[in-house]
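# Inside the fold
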Amino acid sequence: MNWEPWTGCYKASDGCTNCYLYGPHAKRYDQNTIQKTDKFDWPIRTNAKGEYKIKGNKILATCFATDFFLPEADEWRKEAWAIIKERTDIDFLILTKRIDRFLVSLPSDWGNGYDNVNIGCSVENKEVADYRLPLFLSYPIKRRFIACAPLLEAIDLTSYLHGVDHVTVGGETGREARECDYEWVLNIREQCIKANVTFWFKNTGSLFKRDNVVEKINPFKQTGVAKELGINILDGKRLF
């Protein structure tokens, strides 16, 4: 399930260049005005009986069609944190390319983090990883994951896997997508094995290089092709 309290976004780094939502060939291209949506309070809406419309024991992907830490949403984010705090029976999954703004509008009672919040830091290349991940690890977060998506080159995460619960890897999707090399994926998987961190190869991307052959893969088949390779290490985790 997805919760989008606001909409609109704009480029943060090279991984955004061909964004499947806001890139030059996407439906939301040039929608860079950040606005609240009509689902802002969705997680705490109740029915006539006073029961939450969204039942508990769910995973709610939050702001996956925008960014939770956009500066335009600083005031709204205070309200969003209050909603998240109220729904302790839901796990909120927040992925960001703006981890450097994590401390802005953070609740005063955050402490070491809320038990029901999973924060993910997105990285696409070595330069971005070496900038964002030290910051990511320095913040008070109870549950962390890294998303190497879109993976644009080989990345060494070895120095950053302590204190991280999980790593997701995915290629770039779109008509101008850049290649995702399977060797890069397998290398990150090996790093995760050594660090005892779970791993999920989410999707191949549109151009998938394997055994020195580049294959163009239909967007609707990219997740299935990645799954068929059988390299995921989830150990029963339900969050990823």
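Report follows, based on the coordinates. This structure is a prediction, so every number in the text was calculated from the model and none was measured.

As a further point, take the overall build of the protein. Counting its regular elements, the protein contains four helices and twelve strands. Its C-alpha radius of gyration of 18 Å places the protein within 12% of the 18 Å reference for a compact globule of 240 residues. Seen through its principal axes, the protein has C-alpha atoms that stretch 60 × 40 × 35 Å. Across the 240 residues of the protein, 48% fall into the buried class. A sequence separation of at least 24 residues applies to 72% of the contacts in the protein between residues at least 6 apart. Total accessible area on the protein is roughly 12,000 Å²; 49% of this is exposed by carbon and sulfur atoms. Of the side-chain charges in the protein, 34 are positive and 33 negative, and the distance between the mean point of each set is 5 Å.

Side-chain positions along a regular strand alternate between the two faces of the sheet. With five of its five residues buried, strand S8 (residues 166–170) lies for the most part within the structure. Because side chains alternate across S8, one face comprises the buried residues His166, Thr168 and Gly170, and the other comprises Val167 and Val169, equally buried. Bridge count between strand S7 (residues 143–148) and S8: four bridges; the pairing is parallel. Directly across from Cys148, in S8, lies its bridge partner Val169. Sheet topology places S8 next to strand S10 (residues 198–203); five bridges connect them, and they run parallel. Counterpart to Gly170 in the pairing with S10 is Asn203.

Inside soluble globular proteins, nonpolar side chains tend to come together where they are buried. Among the nonpolar cores identified, the biggest contains 61 residues, and Trp6, Trp81, Cys148 and Val167 are the most heavily contacted of them. At the level of elements, helix H1 (74–86), strand S5 (90–96), strand S6 (117–123), helix H2 (126–138), S7, S8, helix H3 (182–195) and S10 are the ones that each hand at least two residues to this core. Of the residues forming this core, the biggest block, five residues, is contributed by H1.

The subject of this paragraph is unusual backbone geometry. Glycine aside, residues mostly have negative phi angles, and peptide bonds mostly take the trans form. Put simply, Ala149 and Pro150 share a cis peptide bond, and its omega is -5°. Mapped onto the secondary structure, Pro150 falls in the loop between S7 and S8. Positive phi, normally seen in glycine, also occurs at Asn57, with a value near 60°. Within the fold, Asn57 resides in the loop between strand S3 (35–36) and strand S4 (58–62).

For the coordinates displayed, the defined rule picks out 15 aromatic pairs. When the centroid spacing of 5.0 Å and the interplanar angle of 55° are considered together, the rings of Trp81 and Trp110 count as tilted. Of this pair, Trp81 sits in helix H1 while Trp110 sits in the loop between S5 and S6, placing them 29 residues apart in sequence. An angle of 90° between the planes, with centres 6.3 Å apart, marks the rings of Trp81 and Tyr114 as edge-to-face. With Trp81 in helix H1 and Tyr114 in the loop between S5 and S6, this pair connects stretches of sequence that are 33 residues apart. Trp81 sits in the buried class, given a relative accessible area of 1%. The structure contains a cluster of three or more aromatic residues connected by ring pairs, namely Trp6, Phe40, Phe68, Phe69, Trp76, Trp81, Phe102, Trp110, Tyr114 and Tyr139. The side chain of Arg87 reaches across the aromatic face of Tyr52, ending 3.9 Å from its centre. Sitting over the ring of Phe136, Arg144 keeps its end group 5.6 Å from the ring centre.

Each value, and the rule that gives it
- Residues numbered from 1 in each chain as written.
- Predicted model: local features only at pLDDT ≥ 70, side-chain atom pairs only at ≥ 80, totals over all residues.
- Heavy atoms only, no water.
- Helix = DSSP H or I, 4+ residues; strand = E, 2+ residues; numbered from the N terminus.
- Rg over C-alpha atoms; globule rule 2.2 N^0.38 Å.
- Buried < 20%, exposed > 50% of the residue type's maximum accessible area, 1.4 Å probe, protein only.
- Contact = heavy atoms within 4.5 Å.
- Areas by Shrake-Rupley, 256 points an atom, 1.4 Å probe, with all protein chains shown as cover.
- Lys, Arg positive; Asp, Glu negative; His and termini not counted.
- Charge placed at Lys NZ, Arg CZ, Asp CG, Glu CD.
- Pairing = 2+ DSSP bridges.
- Core = buried A, V, L, I, M, F, W, Y, C linked by side-chain atoms within 4.5 Å.
- Phe/Tyr/Trp six-rings, centres within 6.5 Å; stacked < 30°, edge-to-face > 60°.
- Lys NZ or Arg CZ within 6 Å of the ring centre and 35° of its normal.

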